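# Survey of secondary and tertiary structure
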Amino acid sequence: MAEKPPTTPRPDSGPHPETIAAIATAPGRGGIGVIRISGHGLLAISQALSAKQPPARQATLADFCAADGSLIDSGLLIYFPAPHSFTGEDVLELQGHGGSVVMQMLLARCLDLGARLAEPGEFTRRAYLNGKLDLAQAEAVIDLIDAATTTSARSAVRSLQGEFSKEVNALLGQLIELRALVEATLDFPEEEVDFLKADDAFGRLERLQLRLANVFDRAQQGKLLQGGLHVVLAGQPNVGKSSLLNRLAGDELAIVTPVAGTTRDVVRSTLQVEGIPLHVIDTAGLRATEDEIEKIGIARTWREIERADVVVLLVDARSGVGDAERAILAQFPAHLKRITVYNKIDLAGRPAELHDQADGQAISLSAKHGEGIELLRQALLRIAGWHPAEDVFIARERHLRALADTREHIATAQAQLPQLELFAEELRLAQMALGSITGKFTADDLLGEIFSRFCIGK
Ligand code: GDP
């Protein structure tokens, strides 16, 4: 018999997945920096690195040494034996001084001692694979890290604590109960009619639909909190764009969230209006140029504009929309919703007001003095579809799609009654769609995509 070719084991297969390490703190200077190691054989690494065998979950002062015995840094060791750790595996944390060179030296030492560099999101992925978090909770980890406003941080932590998953699981419970009843009835066909009546199949379906609608609404609001509203600000120099930005931000100054690769060249501010992140792209930088670097920046700004939700066109209330503004507007994608702002009403002697125009809403206001700003805030929130809701969970497009699929299968199921086979099949599909939110039925490639968006060390 021919010998089998050797197979490469999957990194995560087998009783011992590889030991991974990464700098868990943000790059740059900091008072302390943390290296996180997860896997097995960590006490051996600790011994080689510091001649210490730290007790479980206690901070131990240690000297971290290079292979030749020279001191790299001194700091704290904390050991979290499995399963009581973030990943569910043995975890070792090294806290050192937060300089990038010293952190790199410490990390390199850990890699020499047998760990390999973690991939983005690999710690959280392991936490998920080991049942410490479900998929929706794992996604909430990154949403909490990326939260741009206090409201979005609050709803991310709520999802992380499992509130979204709890609702999804409750819905799943109702679905499974109904499926069990149907399947049982299918085994005793002569009692079909009895099932529909006695077990109130219609009533159960309706209650399920109501609850699903409520979860969908809360998730939809959460999606807004997570993604925010992308606003393009357009207008001639001196119409008051900066003044308007400051006014909109008011006291609610948001934390500006850097988005990898774009922040250096796209002029973007993040502010918040009632907790919704407003990503404002200033188009002041869009101009004809021969400068190659500036051209790249401008191309990126256009890419941002492609995914914007609304354009706010600022004009001076005294002169109104002219050829220059019309030329700017002509370049924007046709689907972009539009709000025209007539600024400096104090100079034009006009009242603050909201009025409808053929091409969208228009608001007369004064960015400098504040009259009419509330009208603009409310108009933006309306365009975003925001309504203040209790207990919003952070959610993503993926979740909304799954909830919408579930809703569709349930509606189709309802239309199939009293044909129980088809009814049962649609309920099964509804369960699959709903289960994908928490990862009960989730394809491997989707998992790869979700976790690859995390940073290294998380
Ligand atoms: P940008 O170039 O479009 O960003 O415009 P700025 O925000 O820098 O404003 C240009 C000038 O217009 C500044 O002197 C502002 O104080 C002034 N300005 C902005 N909004 C108003 C307003 O509503 N009323 C008055 N009177 N002046 C304003």
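Below, the structure is looked at part by part.

### Remarks on the site of the ligand
By nearness alone, 15 residues border the ligand, and Asn238, Lys241, Ser242, Ser243 and Asp346 come closest of all. Within the backbone of Gly240, a nitrogen or oxygen atom sits 3.0 Å from an oxygen atom of the ligand. Within the contact set of the ligand, a nitrogen atom lies 3.1 Å away from a side-chain nitrogen or oxygen of Asn343. For the ligand, whose accessible area on its own is 590 Å², the fraction buried by protein is 73%.

### A look at the side chain of Arg396
Looking at the secondary structure, you find Arg396 in the loop between helix 13 (373-384) and helix 14 (397-416). Separated by 3.4 Å, the side chain of Arg396 and the backbone oxygen of Glu139 make a polar contact. Sequence-distant contacts of Arg396, that is, excluding residues within four places in its chain, are made with Glu139, Ile142, Asp143, Lys223, Gln226 and Arg453.

### Considerations on the pattern of salt bridges
Under the defined criterion, the tally for this structure stands at 16 salt bridges. Asp316 serves as the salt-bridge partner of Arg318, at 2.8 Å between the closest nitrogen and oxygen. What makes Asp316 buried here is its relative accessible area of 13%. Three or more residues are tied together by salt bridges with common partners; here these are Glu18, Glu89, Arg116, Glu122 and Arg126.

Rules used throughout
Residues numbered from 1 in each chain as written. Predicted model: local features only at pLDDT ≥ 70, side-chain atom pairs only at ≥ 80, totals over all residues. Heavy atoms only, no water. Near = heavy atom within 4 Å. Polar contact = N/O pair within 3.5 Å; in protein donor to acceptor, adjacent residues only side chain to side chain. Areas by Shrake-Rupley, 256 points an atom, 1.4 Å probe, with all protein chains shown as cover. Helix = DSSP H or I, 4+ residues; strand = E, 2+ residues; numbered from the N terminus. Contact = heavy atoms within 4.5 Å. Salt bridge = Lys/Arg side-chain N within 4 Å of Asp/Glu carboxyl O. Buried < 20%, exposed > 50% of the residue type's maximum accessible area, 1.4 Å probe, protein only.

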